[in-house]
Number of protein chains: 2
Amino acid sequence: MAELILALDVVKRDEAISIAGSCAPHIGAIKIGYPLVLAAGLSIARDLKPLGLPLIADFKVADIPNTNTLITDLVFGAGFSAIICQGIVGTDSVRACVQAAHRHNGECYVVAEMSHPGAKEFFVPGTPEQIAANAMIAKADGIIAPATRPERVKALRGIVGKRKILSPGVGAQGGDIHAIAGLVDGVIVGRAIYEAKDPAKAAQEFARDLRT
Amino acid sequence: MAELILALDVVKRDEAISIAGSCAPHIGAIKIGYPLVLAAGLSIARDLKPLGLPLIADFKVADIPNTNTLITDLVFGAGFSAIICQGIVGTDSVRACVQAAHRHNGECYVVAEMSHPGAKEFFVPGTPEQIAANAMIAKADGIIAPATRPERVKALRGIVGKRKILSPGVGAQGGDIHAIAGLVDGVIVGRAIYEAKDPAKAAQEFARDLRT
């Protein structure tokens, strides 16, 4: 069964800690991006550690291998459990993140496909499949693919097999949780939870939707 | 004449401040990546501000437009003067960085081509040209292209015209400063300066090479 991952895309430390705390009973992991880390520092991982949930650094790392290694080492040194990197900059850059993650007993996920309009320019047909295949060669723990396109997720599942697929796009971006739940390992929800009047209740409802 | 840009790729705040200070008389700008910012915080910009040099955040931003905007706003809010984003994730993502940079009276540069081996996989022939053209449409202030491939820089100059080209790859990566100096607006040097026994002397020599 897919687990619910909270995309904690707020930029205030106190708000992040409060929302994460109230949603914790209903979620399986927390995904944190650069906006929160730049605002609050990598130490946000230490602040969220007491919740006992895996913390995924969604940094879409997209640099040369040596810089990717430095970034990944810092991320795991700060207490994160997983990192997300871009696959489109090349397999050696991906491998740098994977190897650093595994040295720290952490995980690395690779962005195979994105759903914003501009992504169509260079993530041309076949590119996500190639990125996913390269990610498997680099021994990544899984890929990121959009929940808004279940048919694409199915195609990528054929490539990654039993490794994990985490999917953003449910909620504010229009992805249907029932259409995607059976296809992926993690469903990432952001705004529809953290902008809700009652984030805990929203998280509880998404978690329930994942089970039914 | 091209200016010398120091890639300050160390991960200790004190070392960064010390090296930047000693090299300041010989350089035109300082480029800072995620490793230093993750280790020292965005406040490193405030620490380097007294040097009076432009500070370029080389974050190779590679996310969806909304996240790119959030990242760029934080970067300029911290006192940086320019940001570097990836062009391969799409023109809307680039435009988000450009518009946020310009709102803060800052600059945005777009990675058009990379020189690590894995870059060949998806930066296929024609892709750097398309990224550069898209960057111009998005009103970026310039592009990043490798000093190790002067013939490629020439091809991209034909697209960007009078907008700027900044080139990494001189020094440790083997780029010839004399071959690239006349083709670009900024030559980025990292290890060959900050790992030198006397970084100030190394910076002075690179600056002299740029003039001759």
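The rules behind the values
Residues numbered from 1 in each chain as written. Chains lettered and ligands numbered in written order. Predicted model: local features only at pLDDT ≥ 70, side-chain atom pairs only at ≥ 80, totals over all residues. Heavy atoms only, no water. Buried < 20%, exposed > 50% of the residue type's maximum accessible area, 1.4 Å probe, protein only. Helix = DSSP H or I, 4+ residues; strand = E, 2+ residues; numbered from the N terminus. Arc of directions from axis to C-beta. Contact = heavy atoms within 4.5 Å. Salt bridge = Lys/Arg side-chain N within 4 Å of Asp/Glu carboxyl O. pLDDT = per-residue confidence, 0-100. Pairing = 2+ DSSP bridges. Axes fitted to C-alpha atoms, helices over the stretch in contact; angles between N-to-C directions. Least-squares fit on C-alpha atoms with pLDDT ≥ 70 in both. Disulfide = S-S within 2.5 Å. Parallel < 35°, antiparallel > 145°, perpendicular 65-115°, else oblique. Left-handed = near helix turned anticlockwise from the far one by under 90°. Nonpolar A, V, L, I, M, F, W, Y, C, P; charged D, E, K, R; others polar.

A. Molecular detail of helix 1 (residues 13-23) of chain B. All names here are of chain B. Of all the positions in helix 1, only Ala-16, Ile-19, Ala-20 and Cys-23 are classed as buried. All buried residues of helix 1 project into a common sector of 100 degrees when viewed along the axis, lining one side. On its buried face, helix 1 sits against strand 1 (3-7), strand 2 (29-33), helix 2 (34-40), helix 3 (44-48), helix 9 (191-194) and helix 10 (199-211).

B. View of the pattern of salt bridges. By the definition in use, this model includes 24 salt bridges over all chains. The partner of Asp-209 of chain A in a salt bridge is Arg-208 of chain A, and the shortest N-O contact between them spans 3.9 Å. Linking Glu-107 of chain B and Lys-164 of chain B is a salt bridge whose minimum nitrogen-to-oxygen distance equals 3.4 Å. In this pair, Glu-107 of chain B is assigned in strand 5 (residues 107-111) and Lys-164 of chain B in strand 7 (residues 164-168), connecting sequence segments 57 residues apart. The exposure class assigned to Glu-107 of chain B is partly exposed, which follows from its relative accessible area of 25%.

C. Region of interest: the confidence of the model for chain A. Predicted confidence across chain A gives a mean pLDDT of 97, with 100% of residues reaching 70 or more. Across the interface, the model reports ipTM at 0.97; the global pTM reads 0.98.

D. Structural view of the sheet that holds strand 2 of chain B. All names here are of chain B. Strand order in the closed barrel made by the eight strands is 1-2-3-4-5-6-7-8, with parallel pairing throughout. Averaged over all pairs of adjacent strands, the angle between strand axes in this sheet comes to 25 degrees, irrespective of strand direction. Looking at chain direction, strand 2 and strand 3 (residues 55-61) are connected through four bridges and run parallel. In the strand pairing of strand 3, Gly-33 is matched with Asp-58. Running over the sheet, helix 4 (residues 65-77) touches strand 3, strand 4 (82-86) and strand 5 and is turned about 155 degrees from strand 4. Running at roughly 150 degrees to strand 6 (residues 142-144), helix 6 (residues 127-137) makes contact with strand 5 and strand 6 of the sheet.

E. Representation of the relation of the copies chain B and chain A in the model. By a simple turn and slide, chain B fits onto chain A: the slide is 0.0 Å along the axis, the RMSD is 0.0 Å, and the turn is 180 degrees. The symmetry that links the two subunits is that of a two-fold axis.

F. Local environment of the sheet that holds strand 4 (residues 82-86) of chain A. Residues and elements named next belong to chain A. A barrel is described by the order of its strands in space; here eight strands give the closed sequence 1-2-3-4-5-6-7-8, paired in parallel fashion. On average, adjacent strands in this sheet sit at an angle of 25 degrees to one another, irrespective of strand direction. Bridge analysis of strand 1 (residues 3-7) against strand 2 (residues 29-33) gives three bridges, and the strand direction is parallel. Across the sheet, Leu-6 pairs through a bridge with Ile-30, a residue of strand 2. Most of the contacts of helix 4 (residues 65-77) go to strand 4, to which it runs at about 155 degrees, and overall it touches strand 3 (55-61), strand 4 and strand 5 (107-111).

G. Structural detail: the state of the cysteines. Here the structure, examined in full by the defined rule, presents zero disulfides over all chains. You can see Cys-85 of chain A has no disulfide; the closest cysteine sulfur is in Cys-108 of chain A, sitting 3.9 Å from it.

H. Fine view of the packing of helix 6 (residues 127-137) of chain A against helix 7 (residues 150-160) of chain A. All names here are of chain A. One can describe the packing of helix 6 onto helix 7 by two numbers: an axis separation of 9 Å at closest approach and a directional angle of 30 degrees. Taken together, the axes of helix 6 and helix 7 lie roughly parallel to each other. Two packed elements cross with a definite hand, and for helix 6 against helix 7 that hand is right-handed. Note on element contacts: helix 7 touches helix 6 through Arg-152, Ala-155, Leu-156, Ile-159 and Val-160, opposite Pro-128, Glu-129, Ala-132, Ala-133 and Met-136. The class makeup of the residues in the contact of helix 6 with helix 7 is eight nonpolar, no polar and two charged.

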